[in-house]
Amino acid sequence: MKKEIKQSDKQITIKFFIILAVSLIVGFVAGGASALLKYTYDRTNLSRTLLTAAAQCMPFLSILCNIAAAAAAFAVYSKCRKRADGWNGEDEDVIDEIEDRLNIPLGLSSVMLILNLFFFGANVVGRDYLGENALPVWHSFGLISIILALGYVWETVLQIKVIDLEKKLNPEKQGNVLDMKFLKVWTQSCDEAEKLTIYHAGYDAYRMSSTVCLGLWVVTLIGAMLFDTGLFAMICVLLVWLCSTIRYLISAMNYNKKGNNE
């Protein structure tokens, strides 16, 4: 048994150093390619051309994404509500299926909340790159603000409807979406299996965010080298990563002290 463990540790060590060597080679090649591009292309003109093209499309893209996401989310919710209204009160499989499908509109609304914040920022900043090419109506600050507000409205209305349907199917569930303590109240009203799912999902999200932050650090580093984006983007990524890691460590220590009773 000990021999097998030692062999396994040896294989893991060898694999680690192979991955490390490959990563160094890839990094060296990428750095060399970035340096070559740096002196081959006019980075200023290239960056401005790409940003201008993106700024032209951004208002239309934000409107299109909101319409498509809202239509899909409300369509799924409507089907779930009809199935819930026709439920005989006995078949639990129907309820499980409805609750699984309700994750779709909730997920779409959460994703679009983040994307709408991006669209708003991109539209505001993008106006500076358009100059005479800016359309007075489509690139106005008023329209940009209206898109953000309407997006927030449909996302909130959808979440209220989904949560109300969940509470109808599960009367023990509590919480109001508009309440600042909604997540805490909702989690407390969940059963142990649901809480365990939430905790596992939260940990998986933490691990994924760490991986994504590492990837974004590489992207921002290349951006700073190739497009003169500066250190600000890199600092923001590393700050998010640092805060997430510190918060996880503090929470882990606190829960260990409390004996995981809360």
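Conventions and cut-offs
Residues numbered from 1 in each chain as written. Predicted model: local features only at pLDDT ≥ 70, side-chain atom pairs only at ≥ 80, totals over all residues. Heavy atoms only, no water. Helix = DSSP H or I, 4+ residues; strand = E, 2+ residues; numbered from the N terminus. Buried < 20%, exposed > 50% of the residue type's maximum accessible area, 1.4 Å probe, protein only. Areas by Shrake-Rupley, 256 points an atom, 1.4 Å probe, with all protein chains shown as cover. Core = buried A, V, L, I, M, F, W, Y, C linked by side-chain atoms within 4.5 Å. Contact = heavy atoms within 4.5 Å. Expected span 1.5 Å × (residues − 1). Patch = residues over 30% accessible without salt bridge, like charges linked within 9 Å, V, L, I, M, F, W, Y side chains within 5 Å. Salt bridge = Lys/Arg side-chain N within 4 Å of Asp/Glu carboxyl O. Phe/Tyr/Trp six-rings, centres within 6.5 Å; stacked < 30°, edge-to-face > 60°. pLDDT = per-residue confidence, 0-100.

1. Observations regarding the overall build of the protein
When helices and strands are tallied, the protein shows 7 helices and 0 strands. Beginning at the N terminus, the succession of helices and strands in the protein can be written as α-α-α-α-α-α-α. Looking at the protein residue by residue over its 262 residues, the buried ones come to 24%. Of the roughly 18,300 Å² that the protein leaves accessible, carbon and sulfur atoms contribute 68%.

2. Regarding the nonpolar core
The nonpolar side chains of a soluble globular protein tend to be buried with one another. Ile98, Leu102, Trp154 and Leu165 are the most contacted members of the largest nonpolar core, which totals 17 residues. Taken together, the elements giving at least two residues each to this core come down to helix 2 (43-85), helix 3 (92-130) and helix 4 (141-169). Top contributing element to this core by residue count: helix 2, with 7 residues. Beyond its immediate sequence surroundings of up to four residues, Leu165 is in contact with Tyr77, Cys80, Arg81, Ala84 and Leu102. Residues Ile163, Val177, Trp186 and Cys190 belong to the second largest nonpolar core, which totals 5 residues.

3. Overview of helix 6 (residues 192-226)
The end-to-end C-alpha distance of helix 6, which contains 35 residues, comes to 50 Å, matching closely the 51 Å that a straight helix rising 1.5 Å per residue would cover. Residues Lys195, Tyr206, Ser210, Cys213, Thr220, Gly223, Ala224 and Leu226 constitute the buried set of helix 6.

4. Let's talk about helix 7 (residues 232-258)
With 27 residues, helix 7 extends 39 Å from end C-alpha to end C-alpha; this agrees with the ideal 39 Å at 1.5 Å per step. Residues of helix 7 that are buried: Met234, Val237 and Ser251. Packing partners of the buried residues in helix 7 comprise helix 6.

5. With respect to a nonpolar patch on the surface
Residues Tyr203, Leu239, Leu242, Ile246, Tyr248, Leu249, Ile250 and Met253 make up a contiguous nonpolar surface patch of roughly 730 Å² in combined accessible area. The element best represented in the nonpolar patch is helix 7, accounting for 7 residues. With respect to the secondary-structure elements, Leu249 resides in helix 7.

6. With respect to the environment of Leu115
Take Leu115: it is sitting in helix 3. C-alpha separation for the pair Leu115 and Leu148, spaced 33 residues apart in sequence, amounts to 9.8 Å.

7. Points about the packing of aromatic side chains
Applying the stated criterion to the full structure yields 6 aromatic pairs. Judged by centre distance (5.7 Å) and plane angle (55°), the ring pair of Phe118 and Phe119 falls under tilted. Note on Tyr206 and Tyr248: the rings are 4.4 Å apart at their centroids and 10° apart in plane angle, and the pair reads as stacked. Here Tyr248 lies in helix 7 and Tyr206 lies in helix 6, a separation of 42 residues in the sequence. Residue Tyr206 is classed as buried on the basis of its relative accessible area of 19%. Joined through ring pairs, the aromatic side chains of Tyr203, Tyr206 and Tyr248 make up one cluster.

8. Some points on the confidence of the model for the protein
On average, residues of the protein score 79 in pLDDT, and 73% of them are at 70 or above. Helix 1 (residues 2-40) is the least confidently modelled element of the protein, averaging 58 in pLDDT, while helix 4 averages 90, the highest of any element. Every residue in residues 39-44 scores below 50 in pLDDT, and together they form 5 contacts with partners more than four places removed in sequence or on other chains.

9. With respect to the environment of Ile104
With respect to the element layout, Ile104 can be found in helix 3. Exposure remark for Ile104: the relative accessible area of 38% places this residue in the partly exposed category. Sequence separation between Ile104 and Tyr77 is 27 residues, and the spatial gap between their C-alpha atoms is 8.4 Å.

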